[in-house]
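Results of the structural survey
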Amino acid sequence: MRPWLSTLAAVALLADPAFAAPPRPPAEVAAELDREIDRRLAEAKVPPSPPASDAEFLRRASLDLTGRLPTPERAVVFLDSSDPDKRGKLVDELVDSPLYGQRFAAYWAELFVKRNDTAGKPNAAPFREWLAGEFNRGAGWDEVVAAMLTVQGDAPEKLFLLTNKERDIAPNRVAGTVGALFMGVQLGCAECHRHPVTKAWRREDFWGTAAFFARTRATEKKDAKGQKSVVIEDAGESPRAFVARPDPKKPPPAPGDFLPPGVVEIPDATDPMKRVGRAPAVYLGAGPADLGPTGSHRGPFAAWLTAPANPFFARAFANRTWSVFFARGLVTPVDDMHADNPPSHPGALDVLARELAAAGFDGRHLARSVCRTRAYGRSSAAAPGNENDTTLLSRMPVKAVRGPALLDLHDQVLGTPRGSIDPQVKVAKGEPKPTATRDLLDTAGYDESPDEYTAGVPQALRLMNTVLPTRTAAAAAMIARTGGPADKAAKDAERSVKGPGTAVPSQPLPRERAVERVYLALLSRRPTPAEASAVAAFLDARPGAEGFDGLLWALASSPEFVSVP
């Protein structure tokens, strides 16, 4: 039994048919999703594009599921395989990789931290490490979210609450973020007035959600060694002055006035010193909460939010997961799901939400299912008749590789740590200072649409003309033999003659194979005949590592490298 569940909530959750039903094989789920998508295409008389090439699919699945490129060796194995199920097996391999958890932990950490605009950005590294471990072990999204909402003490899960902190945890900020990220709704639009779209949501509903967090505090404490840390805890009572942050220059409210359990005061939007009413804790659309005078109020809210029967939770996560793979959700924007903004494929969203609950909210099951669909495996190239389609999934949208992810790819290709391309990096006197900055590569973030490339010509030119001390070394490594069986046997033979401990340098690859290796490393494909001819002419004029350095950087600066086909 999960500790954050009350007995009654646990009984209700376990009795829900969606939770009790076993998950289906991913291929079966994928087939049902495709039937929904193909039915919509047939109704609209829009033809689908053909399947993507193996190289397109390899690069797409690798970047979507792990945020990393396949190694040249892995690319060769996949491209040359004749196994009819090699794409499904690739998806399983990527989802089972530790990189899967790291990729999605970075995605969620970015969403949380970017929302913090008043208290400075907390250190997200412990949170990312914790969340990656949870994803990789198959923890359900319900369990993960509940841990973030009910955290006590100095656990890494506290990052979510800390990113909704002003001078202390701000219940209204928590309510807005919970609505957007975990429920897929713009609940914050009801903070000051009746919701402009969902008319049933009043200001009392927003503050009734915030009320669950009115006792939550972020307190700085010292351990026995004098080390400071911020801990999350719950106060025994909710003071009147907590929700509305008074202006410190104005007189404070009367001291010693505490609110009833689970009740907050609603501040006047135009004057933080005034109150316009009170709001008891309510489960959105499900009635008031019965909260006791002691203990945390966050546990009951987490139990309600993450139950399979909750009308928001599973659909919000399923829709956001879909958006990671297809650049837009079945409902777009992903945080504005309501009756007047219906899904492009209602049946598909129903399938995803049902399967998510059946799988115990394990996001890996959703990823395996979605990435096995014919829709996900389609080419991004338009076919006659679907050139203008942006919603029916007749072809795969091209996604942009965004700031932090692009940094990771440059690190992978160049073999350098992130710090080496930071403008503050220290270099020896006389060495060229790196000119690629984090903010150049962060020109587009997760808050932007992933199917739009927001960087322009100036950014591209700066990137193309960047000087990094490691570039030539990286190019030299690309064209060297890398320890294959034949190379190892040759080195062992040379050591047997010259003695143990002899350093035997790698021999360079034949030029055609070296060019192929660079293309496989950066673009996950082999060069076309036309490209091979053009590269040969380029290298004739620039022998050695210098020429390969230029080739490597040209490909790393290309539109193909900064996009997911």
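Since this is a predicted model, take the numbers as computed values, not measurements.

What counts as what
- Residue positions are counted from 1 within each chain, in the order its sequence is given.
- With pLDDT at 70 or above as the cut-off, local features in this predicted model cover only qualifying residues; side-chain atom pairs require 80 or more to be listed or tallied, and sums for whole chains, interfaces and linings still use all residues.
- Only heavy atoms go into the side-chain values, all of them from the structure, while hydrogens and water stay out.
- The helix count covers DSSP runs of H or I at least four residues long, the strand count covers runs of E at least two residues long, and both are numbered beginning at the N terminus.
- Accessible area is worked out with a 1.4 Å probe on protein chains only. A residue is then buried under 20% of its type maximum, exposed over 50%, and partly exposed in between.
- Only heavy atoms matter for contacts: two residues are in contact if any of them lie within 4.5 Å across the pair.
- The method behind every accessible area is Shrake-Rupley, applied with a 1.4 Å probe, and residues are considered shielded solely by the protein chains displayed.
- Stacked, tilted and edge-to-face are the three classes applied to pairs of Phe, Tyr and Trp rings, where Trp contributes its six-membered ring and a pair requires centres within 6.5 Å; stacked means planes under 30 degrees apart, edge-to-face means over 60, and tilted covers the rest.
- As a reminder, the over-ring test applies to NZ of lysine and CZ of arginine, requiring each to be within 6 Å of the ring centre and within 35 degrees of the ring normal.
- In the sections that follow, a salt bridge refers to a side-chain nitrogen of Lys or Arg positioned within 4 Å of a carboxyl oxygen of Asp or Glu.
- Simply put, an axis is a line fit to the C-alpha atoms, just over the touching stretch for a helix, and the angle between two N-to-C directions goes from 0 to 180 degrees.
- Each angle gets one of four labels, with under 35 degrees taken as roughly parallel, over 145 as roughly antiparallel, 65 to 115 as roughly perpendicular, and the rest as oblique.
- Each crossing gets its handedness from the near helix: less than a right angle anticlockwise from the far helix is left-handed, clockwise is right-handed.
- Charged means Asp, Glu, Lys or Arg here, nonpolar means Ala, Val, Leu, Ile, Met, Phe, Trp, Tyr, Cys or Pro, and polar covers whatever is left, Gly included.
- Each residue carries a pLDDT score, the predictor's confidence in it, ranging from 0 to 100.
- The rule for pairing is simple: two strands pair if DSSP sees at least two bridges between them.
- One less than the number of residues in a helix, times 1.5 Å, gives the span that helix is expected to have.
- In plain words, nonpolar cores are sets of buried Ala, Val, Leu, Ile, Met, Phe, Trp, Tyr and Cys residues tied together by side-chain atoms within 4.5 Å.

**Here's the deal with the overall build of the chain**
A tally of regular secondary structure across the chain gives 24 helices and 10 strands. For the chain, the proportion of its 565 residues judged to be buried stands at 50%. Long-range pairs, those at least 24 residues apart, make up 68% of the contacts in the chain with a sequence separation of at least 6. In the form shown here, the chain has an accessible surface area of approximately 25400 Å², with 56% of it arising from carbon and sulfur atoms.

**Observations concerning unusual backbone geometry**
Residue Pro333 is reached from Thr332 by a cis peptide bond, and omega for that bond is 0°. By the secondary structure assignment, Pro333 is in the loop between α14 (313-326) and α15 (346-358). Located in the positive-phi region is Phe361, a residue other than glycine, with phi close to 65°. On the secondary structure map, Phe361 appears in the loop between α15 and α16 (363-370). A relative accessible area of 0% places Phe361 in the buried class. Positive phi, close to 60°, is recorded for Ser524, a residue that is not glycine. As for its placement among the helices and strands, Ser524 is situated in the loop between α22 (511-523) and α23 (529-540).

**Digging into the side chain of Ser380**
Mapped onto the secondary structure, Ser380 falls in the loop between α16 and β9 (399-400). For Ser380, a relative accessible area of 15% translates into the label buried. Those residues in contact with Ser380 that sit more than four places away from it in its chain are Glu56, Arg60, Arg395, Met396, Val398 and Pro565.

**A few points about the packing of aromatic side chains**
Tallied over the full model, the rule gives 26 aromatic pairs. Considering the side-chain rings of Trp141 and Phe317, the 4.7 Å spacing of their centres and the 20° angle between planes classify their relative orientation as stacked. Note that Trp141 is positioned in helix α9 (residues 141-150) and Phe317 in helix α14, a separation of 176 residues in sequence. Looking at Phe317, the relative accessible area reads 7%, which means it is buried. Connected via pairs of aromatic rings, a cluster forms that spans Tyr107, Trp108, Phe112, Phe127, Trp130, Phe135, Trp141, Phe160, Phe182 and Phe317. Between Lys86 and the ring centre of Phe78, over which it is positioned, the NZ or CZ distance is 4.8 Å. Stacked on the ring of Phe104, the Lys or Arg Arg103 has its end atom at 4.9 Å from the ring centre.

**Points about the pattern of salt bridges**
For the structure shown, the criterion picks out 36 salt bridges. Linking Arg137 and Glu134 is a salt bridge whose minimum nitrogen-to-oxygen distance equals 2.9 Å. Note that Glu143 is salt-bridged to Arg137, the shortest N-O span being 3.0 Å. When salt bridges with common partners are traced through the structure, they connect Arg24, Glu28, Glu32, Arg354 and Glu355 into a single cluster.

**Looking at the packing of α9 against helix α13 (residues 298-306)**
Between α9 and α13, whose axes approach to 9 Å, the crossing angle comes to 160°. Compared by their axis directions, α9 and α13 come out roughly antiparallel. Judged by the sense of rotation from one axis to the other, the crossing of α9 with α13 is right-handed. Residue-level inspection shows Asp142, Val145, Ala146, Leu149 and Thr150 of α9 in contact with α13, the latter providing Arg298, Gly299, Phe301, Ala302, Leu305 and Thr306. Residues that form the contact of α9 with α13 fall into these classes: six nonpolar, three polar and two charged.

**Quick notes on the confidence of the model for the chain**
Chain-level statistics for the chain give a pLDDT mean of 81 and a share of 75% at 70 or above. With pLDDT under 50 throughout, residues 241-246 is counted as low confidence; its partners more than four residues away or in other chains account for 27 contacts. Residue range residues 483-498 is modelled with pLDDT below 50. Its contacts to residues more than four positions away, or to other chains, number nine contacts.

**Focus: the pairing of strand β2 (residues 228-234)**
Taken together, the seven bridges between strand β1 (residues 216-222) and β2 define a ladder with antiparallel strand orientation. Note that in β2 the partner of Thr216 across the bridge is Asp234.

**As for α14**
Taking 1.5 Å per residue as the helical rise, α14 with its 14 residues ought to reach 20 Å, and the 20 Å between its terminal C-alpha atoms agrees with that figure. Of all the 14 residues making up α14, 13 are buried; the element is thus mostly covered by neighbouring parts of the structure. One or two residues past the end of α14 sits Ala327, with phi positive at roughly 70°.

**Points about α9**
With nine of 10 residues buried, α9 is to be regarded as a mostly interior element. The set of residues buried in α9 consists of Trp141, Asp142, Val144, Val145, Ala146, Ala147, Met148, Leu149 and Thr150.

**Considering the pairing of strand β6 (residues 271-280)**
Both strand β5 (residues 263-268) and β6 contribute to a ladder of six bridges, which runs antiparallel. Residue pairing for β6: Val264 is matched across the bridge by Ala279.

**Points about the nonpolar core**
In this structure, Trp108, Trp141, Met148, Leu149, Phe182 and Leu305 are the most contacted members of the largest nonpolar core, which totals 108 residues. Counting 29 residues, the second-largest nonpolar core is a separate cluster that includes Leu409, Leu414, Val518 and Tyr519.

**Let's talk about the environment of Trp108**
Following the sequence through the fold, Trp108 ends up in helix α7 (residues 98-114). A sequence separation of 19 residues divides Trp108 from Phe127, and the C-alpha atoms of the two residues are 9.9 Å apart.

**Overview of the packing of helix α5 (residues 72-80) against helix α6 (residues 86-95)**
At their nearest, the axes of α5 and α6 sit 10 Å apart, and the two run at 150° to each other. Considering their axes alone, α5 and α6 lie roughly antiparallel with respect to each other. In this structure, α5 crosses over α6, and the sense of that crossing is right-handed. Along its contact with α5, which presents Arg74, Phe78 and Leu79, the element α6 presents Lys86, Arg87, Leu90 and Glu93. Grouping the constituent residues of the contact of α5 with α6 by class yields three nonpolar, no polar and four charged.

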